[in-house]
Amino acid sequence: MKEIYLDNASTTKVDEKVLKAMLPYFSEKYGNPSSPHLKGEEARRAVEESREIIAKSISARQKEIIFTGSGTESNSFALKGLFFANYPEKSHIVTTKIEHDCILNACKWLEKQGAKVTYLDVDSEGFVNPKDVEKAITEKTFLVSVIHGNNEIGTIQDLKEIGKICRSKGVLFHTDACQSFTKTSLDVKKQNLDLVTLNAHKIHGPKGVGALYIREGIRITPLLHGGSQEFKLRSSTENVPAIVGFAKAVKISRARDSVKMQKLRDYFIKGLMEIPNIRLNGATGNKRICNNINISFRNIEGEAIGSFLSVKGVFASTGSACSSKSLEPSHVLLALGMSPLEANSSIRLSISKYTTKDEIDYALKEIKNTVERLRKISPLAS
Ligand SMILES: Cc1ncc(COP(=O)(O)O)c(C=O)c1O
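Here's a quick rundown of the structure. Keep in mind that what you see is a predicted model, and the values were worked out from it rather than measured.

This paragraph deals with the overall build of the protein. Helices and strands together make up the secondary structure of the protein, namely 13 helices and 13 strands. Relative to the globule expectation of 21 Å for 382 residues, the C-alpha radius of gyration of the protein, 21 Å, shows essentially globular dimensions. In terms of overall dimensions, the protein has C-alpha extents of about 70 × 55 × 35 Å along its principal axes. Sequence-distant contacts, at least 24 apart, represent 74% of the contacts inside the protein between residues at least 6 apart. As presented, the protein carries roughly 16,800 Å² of accessible surface, and 52% of it is formed by carbon and sulfur atoms. Separation of charge centres in the protein, based on 56 positive and 43 negative side chains, amounts to 2 Å.

As structure tokens, this is what we get:
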């Protein structure tokens, strides 16, 4: 059976070049980067070179990048670490209703510890209005956290504008850039960013490694205590092979891959739009991540479409997309103003640099057949 993988917003295939770069760090260059001997130094050099590559890619300095175990950990560290460093003088966080669950659940946990959180609305395409950010900031606010490219609908926020407001108000600005990293411009200086969450497995790197950019001089409380690795901010022996793989994935990422993906994405969307009674959720053009499509099909369940497609070897994502197996309607789609029924009739298709036009043609054919079959038997259609 053909396998057409259209769930790249969830995770991606590790690039062969990334794998090749990682392998020696399991079996030959396996030293502990904190060890004082040559074997340790070899590993330390690899970690520092990787840090430099990642820092440079977002116009940061090497010492401003902390390696973590995932995007989830980086987000949790940013939110909780800043809360502990600022509470009780400041206790207010401004975020949005369309964040990844790891931000929303960390915020809910922080509310139990005494934080106040404002969850901003978005418009029907998923954009946050920077004026709403400005209005929400109070004397007690220490942090604004807004996702860069949304993991479900691909909408890309205007970080520069929001960052400018935060700077003028003396409030820290964090973004979760796991989905947008290497796919659209990310520059901590130009976009006025104080903290940025990154991870490797969305960009053909390994799972289980992330990074947090922390602008020099920011006070943040560590969450892990131990051997004082990562500038005393994240104790734990560094995952050297994963860090090397992460940097390699960044190094080999190319703007032309994003251009290619955007063209294929728009070809895919055009084909999908031939199906009656469907709608594209999220933004269009350059304001949407180049690999993301999110579509609602009137009168059928996204879950049913996903299962039928899976049998045909086409792998898409439904529900709350990358994190959850729950049948709850997506909080992101509800925030766009969709009803629970509409939200549950959606699927996410996310391509990669490996996706071909032939694969999209095959997927289009299978999606069209599936929708036709399901609409015939749907009780909602009558
Ligand atoms: C926007 C966003 N943030 C955070 C994460 C979590 O990253 P990780 O899987 O590395 O914990 C993901 C991926 O699921 C994501 O898409």
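Turning our attention to the environment of Lys 357. One can find Lys 357 in helix H13 (residues 357–377). Classification of Lys 357 by relative accessible area gives partly exposed; the value is 44%. Residues Lys 357 and Met 1, spaced 356 residues apart in sequence, show a C-alpha to C-alpha distance of 18 Å. Those residues within four positions of Lys 357 in sequence are excluded, and the remaining contacts are Leu 264 and Tyr 267.

This part takes up the site of the ligand. Taken together, 15 residues are adjacent to the ligand, and Gly 71, Thr 72, Asp 176, Gln 179 and Lys 202 come closest. Contact distances for the ligand include 2.9 Å between an oxygen atom and a side-chain N or O atom of Asn 199. With respect to the ligand, the side chain of His 201 contributes an N or O atom lying 2.9 Å from an oxygen atom. The fraction of the free accessible surface of the ligand (400 Å²) that becomes covered by protein chains is 90%. The element best represented in the shell around the ligand is helix H4 (residues 71–86), accounting for three residues. Grouping the constituent residues of the shell around the ligand by class yields four nonpolar, nine polar and two charged.

Considering all chains together, one arrives at six aromatic pairs under this definition. Cation over ring: Lys 39 sits above Tyr 30, and NZ or CZ is 4.9 Å from the ring centre.

Time to look at the sheet that holds strand E7 (residues 195–199). Read across the open sheet, the seven strands follow the order E2-E8-E7-E6-E5-E3-E4; overall the sheet is mixed. Both edges of this open sheet fall to strand E2 (65–68) and strand E4 (116–120), since each of them pairs with a single strand only. For this sheet, the mean angle separating the axes of adjacent strands, direction not counted, is 20°. Relative to strand E8 (residues 210–214), E7 is paired through five bridges, and the arrangement is antiparallel. Paired with Leu 198 across the strands is Ala 211, a residue of E8.

Turning our attention to the packing of helix H9 (residues 255–272) against H13. In contact at an axis separation of 10 Å, H9 and H13 are set at 25° when each is read in the N-to-C sense. One way to sum up the angle between H9 and H13 is to call them roughly parallel. The element H9 and its partner H13 pack so that their crossing is right-handed. Taken together, the residues of H13 that come into contact with H9 (itself represented by Leu 264, Tyr 267, Phe 268, Gly 271 and Leu 272) are Lys 357, Ile 360, Asp 361, Ala 363, Leu 364, Ile 367 and Lys 368. Its residues assigned to classes, the contact of H9 with H13 shows eight nonpolar, one polar and three charged.

The rules behind the values
- Residues numbered from 1 in each chain as written.
- Predicted model: local features only at pLDDT ≥ 70, side-chain atom pairs only at ≥ 80, totals over all residues.
- Heavy atoms only, no water.
- Helix = DSSP H or I, 4+ residues; strand = E, 2+ residues; numbered from the N terminus.
- Rg over C-alpha atoms; globule rule 2.2 N^0.38 Å.
- Contact = heavy atoms within 4.5 Å.
- Areas by Shrake-Rupley, 256 points an atom, 1.4 Å probe, with all protein chains shown as cover.
- Lys, Arg positive; Asp, Glu negative; His and termini not counted.
- Charge placed at Lys NZ, Arg CZ, Asp CG, Glu CD.
- Buried < 20%, exposed > 50% of the residue type's maximum accessible area, 1.4 Å probe, protein only.
- Near = heavy atom within 4 Å.
- Polar contact = N/O pair within 3.5 Å; in protein donor to acceptor, adjacent residues only side chain to side chain.
- Nonpolar A, V, L, I, M, F, W, Y, C, P; charged D, E, K, R; others polar.
- Phe/Tyr/Trp six-rings, centres within 6.5 Å; stacked < 30°, edge-to-face > 60°.
- Lys NZ or Arg CZ within 6 Å of the ring centre and 35° of its normal.
- Pairing = 2+ DSSP bridges.
- Axes fitted to C-alpha atoms, helices over the stretch in contact; angles between N-to-C directions.
- Parallel < 35°, antiparallel > 145°, perpendicular 65-115°, else oblique.
- Left-handed = near helix turned anticlockwise from the far one by under 90°.

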